[in-house]
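In case you want the letters, here they are:
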Amino acid sequence: MPIIRSVVLVALLIASLWALSRPWGSIPALGKLLDPINGVWSTPAGTDLPQGTITLAGLQGPVTVRYDERGVPHIFADTNDDLYFAQGYVMARDRLWQMDFASRAAAGRLSEVLGDRSVEYDRYQRRIGMTYGAERIVLEMESDPTTAAVANAFAAGVNAWIAQLTPASTPFEFKLLGYSPEPWTNLHTALMFMNIRKDLSGSSSEHRLASTRLAKGDAFMDLFFGNNQSWVDPIMPRGTPWPIDGSIIPQPPDSVFVSRSLLGELPFQPNPYNGSNNWALHGSKTATGRPLLANDPHLNLTLPAIWYENQLVSPDVNVYGVSLAGIPGVTIGFNRDVAWGLTNTGSDVMDFLEITWKDSTRSEYRYDGQWLKADVRTEVIKVSGKPDIVDNVLYTIHGPVALQHSERAFNTMTPPDHAMRWVAHDASNELLTIFRLNRAKNKADLMEATTTFRAPAQNVVYATREGDIGIISNGSLPIKWKGQGKYPGDGSDPKYTWQGFIPQEQLPQIHNPARGFVSSANQHPAAPDEYPFYLDYAFAPHERGVRINNRLTAMTQATPDSMFALLKDSYSLHAESILPRMLQGIDGWDVDSVDTRSTRTLIAAWDYRHLPNRGGAALFQRWWSEMSNAIWSDEYPEGYLYSVPQRDIMVQALLNVPDGEWIDDKRTPQRESLDDIIRIAFIRAHKAVSSAQGDDPSKWSWVNAQGANVNHLLNLAPLNVRRIEAGGCAECVNAFRNGNGPSWKMVVSLEDDVKAWGVYPGGQSGNPLSPYFKNTIEKWASERLYELLYLMSPDDRSESTTSTLQLMPGGNK
Amino acid sequence: MIWFLITTIGLVSAYFFSWWAIPVVAFVVCLVRGKTWGEVIGQSTIAGIIITSLVLASTALSYGFDRYDPLAQVIMLPSGLVMALITVLIGGILAGLGGAASYSLRTLSQKRRR
């Protein structure tokens, strides 16, 4: 009996320790997590910002970091090496887990920490060549002495913070997921560049478009998927001269290639929410007589945020703005002489090319009449608690083959046996652009800086203290024949191979235009019938661009307040253009089954603004969505791949071709008119919104309809911020909708002493218990922006910062 | 006095290693000094509770346990206070188990010797 008792007790003790030290399904290892000394309890919950003196091996001289009341570091160093070292150090201090996790996600290494649930995601990231592309960025970055030094110093700074980690300073998420950060390298920095390349240029609709064309024919495609809409107000105004030699533009093939795998898997879908606004006003239109610049890049909104706000000062630079977490320098910002902002150009920089294999071994493929050998890149996916997975990825001269016919697509997104020609795989040195932009003093410097920024292509808007304004659609834009890349191409035919890139001086651009402003909202960079090069068949719908241009045109004596108001504009031109026709459809219509009188009153009185309390916005968006579904869902067999026309093109078609055969619901014996569809959709929308928000339309709100959340990167519900009282919609200038929108709002006035305002949703700290984790969301949702503290020296306005951290050289490297 | 020994040594050990040191210390102390089942289990458990309570008091109490509510909710506990109670409970149970396991071995070896 005593023996049994001893065995049971010892076994119980060991079993308890074992059970507490390992995760169970989604429940983390509670023993490690609840450890009162090293676990979750050690997470700092106080309000203190770093202060005092810290000795760091690797620094050459002292660095002063002053933190302002929002936890923004203002870094003063005597050399650039120390500057970027310190930036890496303070950024890692605030965002280490985010940086580590995002770089793992880019590389397809999440399974190392999350286990086998993320194997397919990892495989996909490797198949599309994320690390392959990052390795090429590293080569370029390290071959330039300037950027090599910046990247090395930044990585050393991050690693200096990692070396000092204590249980208390280790981010909560590492404890939750049960892993430790790995040393930061230049490859990690390059992977962060790949993340943004994928986010902004990693989508394609060509496979789906080809399928739509197969079903509906060319006339339908021209009507709904053409690229020359008269209502578009391009970034470069119509009539801009383009003195370009068109002889380098290739001729198209005689017929359009039809892919063999058209009815296969679903392809990539463009993220309809990616988009941004930027503009600059010439001094002739501002109250101060000096240029004003504004920018709000629309990206996924997460906690921690993608941006990290900081000021970097050394003898040759004093720049303020936001950095992409994990990337040195300031990506969007200003210095004393210039300001710049970015929006995504959105040109087609990813083509799928069908590969003709010689045989089932897929070792050779056809190109230009020859059989070429495919390269194999072996990827080893390490899986926590499981054996490694080896994956051989085939590479052609076009790029990687992300999916083979026998395989199931990850998230059903890639066409099988197609190679990706993606500009994100090309070597380039965006870090050099950032370095030069940060130090630019005038227009010439800015233009010089843009020459090394290749991907993702960006509309770079700028303003200078000298009074210049301008914009350039900048990056590697392939030279294509008209329509090239709209549908999947023939990978064996050189006609589908890109013929180089549009020369820098021939990229769409305009400087100091007569109208006194420049702007972009992801619309066509230039009018397709005027600009000689083919860029893409579609860009963002026109509404945001037109709205911005209308308001900028009307502005005189503009002030920063005018800019704030425009950034906050939630007026929908889309609603203005189609809602009157929709209301006409239900005018005088007597519906017996449902009492819709209050709903009709609500929508008729709505002012097209997507403010949080506007119930009309909730009904309109649902009504439009139901109309779109009613029109398109019957056009194709169930499960068929098809593309839905862009919003503004559909509006024009409804207004101009109201008896189009595509309006009829082909599943019913009678022929439905547009009014019939409007009414069917209205009842569905009325029921849906009533069901979600109650029967009293006076209590409906837009904020309840659209969600308005900003979630933690891991979507941990208790850390998410729900139901933010902010307006906005996809087609509004203020393009906030659930989880996506203005990720950084910035306004800069290029006066003798530069003034600037900015805000992003979230906070500087990645620590969920820190008061700086989500402290800026309320401000971001309001009309106002923070005035940004641009310091000239470590001692400037000492009362304006709340703590100072002194970094001193010393110790062992 | 077993509880005092475990508390003192356990507290220091936990800071140097992790709280896994608490049941180990309880195991060792009870192996050497344990006299009765009641004393071993009771005092080990109390020592574990005291150690975790003291550590929580020094780290989290000043902020208030409610500051930890979001992290508690991430692991599906209702609040920081409940997470604190569970932490203390685990500390007590592990120490109690450590003491009981070692005392059972001690009584077993004593019987064998007799």
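Everything below is about the structure printed above this text.
Residues numbered from 1 in each chain as written. Chains lettered and ligands numbered in written order. Predicted model: local features only at pLDDT ≥ 70, side-chain atom pairs only at ≥ 80, totals over all residues. Heavy atoms only, no water.

Draft legend 1. Broad picture of the packing of aromatic side chains. All names here are of chain A. Applying the stated criterion across every chain, the model contains 31 aromatic pairs over all chains. Consider the rings of tryptophan 481 and tyrosine 496, whose centres lie 5.5 Å apart with planes at 80°: the pair is edge-to-face. Residue tryptophan 481 is found in the loop between β18 (469-474) and β19 (489-490), and its partner tyrosine 496 is found in the loop between β19 and β20 (509-511); the two are separated by 15 residues along the sequence. Neither residue differs from the other here; tryptophan 481 and tyrosine 496 are each classed as buried. Ring pairs connect the aromatic residues Phe220, Phe224, Phe225, Trp632 and Trp662, which therefore count as one cluster. The ring of tyrosine 786 is capped by arginine 70, whose NZ or CZ atom sits 4.3 Å from the centre of that ring. Lying over the aromatic face of tyrosine 487, arginine 213 brings its terminal NZ or CZ to 5.5 Å of the ring centre. (Phe/Tyr/Trp six-rings, centres within 6.5 Å; stacked < 30°, edge-to-face > 60°. Helix = DSSP H or I, 4+ residues; strand = E, 2+ residues; numbered from the N terminus. Buried < 20%, exposed > 50% of the residue type's maximum accessible area, 1.4 Å probe, protein only. Lys NZ or Arg CZ within 6 Å of the ring centre and 35° of its normal.)

Draft legend 2. The arrangement of unusual backbone geometry in detail. Residue and element names in this part refer to chain A. In this structure, proline 304 follows leucine 303 across a cis peptide bond, with omega equal to -5°. Among the secondary structure elements, proline 304 is positioned in the loop between β6 (302-303) and β7 (307-314). With an omega of -5°, the peptide bond between alanine 455 and proline 456 qualifies as cis. When you line up the elements, proline 456 lands in the loop between α12 (443-450) and β17 (458-464).

Draft legend 3. Summary view of the interface of chain B and chain A. Taken together, the contacts link 41 residues of chain B with 36 residues of chain A. The junction of chain B with chain A conceals about 3300 Å² of combined surface from both sides, 79% of it contributed by carbon and sulfur atoms. Remark: the boundary between chain B and chain A carries zero salt bridges. Our count for the contact surface shared by chain B and chain A stands at seven residue pairs in polar contact (both at pLDDT 80 or more). For the side of chain B that touches chain A, the secondary structure elements donating two or more residues are α1 (2-16), α2 (21-33), α3 (37-59), α4 (69-74) and α5 (80-113) of chain B. Counting residues per element, the side of chain B that touches chain A draws most heavily on α5(B), at 17 residues. Across the side of chain B that touches chain A, the residue classes break down as 29 nonpolar, nine polar and three charged. (Contact = heavy atoms within 4.5 Å. Buried area = accessible area lost by both parts, 1.4 Å probe. Salt bridge = Lys/Arg side-chain N within 4 Å of Asp/Glu carboxyl O. Polar contact = N/O pair within 3.5 Å; in protein donor to acceptor, adjacent residues only side chain to side chain. Nonpolar A, V, L, I, M, F, W, Y, C, P; charged D, E, K, R; others polar.)

Draft legend 4. Representation of the pairing of strand β10 (residues 338-344) of chain A in the model. All names here are of chain A. In terms of burial, β10 is largely enclosed, as seven of its seven residues are buried. Where burial is concerned, the two faces of β10 agree: the one with Val338, Trp340, Leu342 and Asn344 and the one with Ala339, Gly341 and Thr343 are both buried. In the sheet, strand β9 (residues 332-334) pairs with β10 via two bridges, with the strands oriented antiparallel. Note on β10: the bridge partner recorded for phenylalanine 334 is alanine 339. Where β9 hands over to β10, the hairpin turn is made up of three residues, counted between the paired strands. With seven bridges joining them, β10 and β17 adopt antiparallel strand pairing. Note that in β17 the partner of threonine 343 across the bridge is asparagine 459. (Pairing = 2+ DSSP bridges.)

Draft legend 5. Representation of the sheet that holds strand β11 (residues 350-354) of chain A within the structure. Residue and element names in this part refer to chain A. Read from one edge of the open sheet, three strands run β16-β11-β19, paired in mixed fashion. Because the sheet does not close on itself, it has two edges, and the strands there are β16 (418-422) and β19. With five bridges connecting them, β11 and β16 associate as antiparallel partners. In the sheet register, aspartate 351 faces β16, and the bridge partner there is arginine 421.

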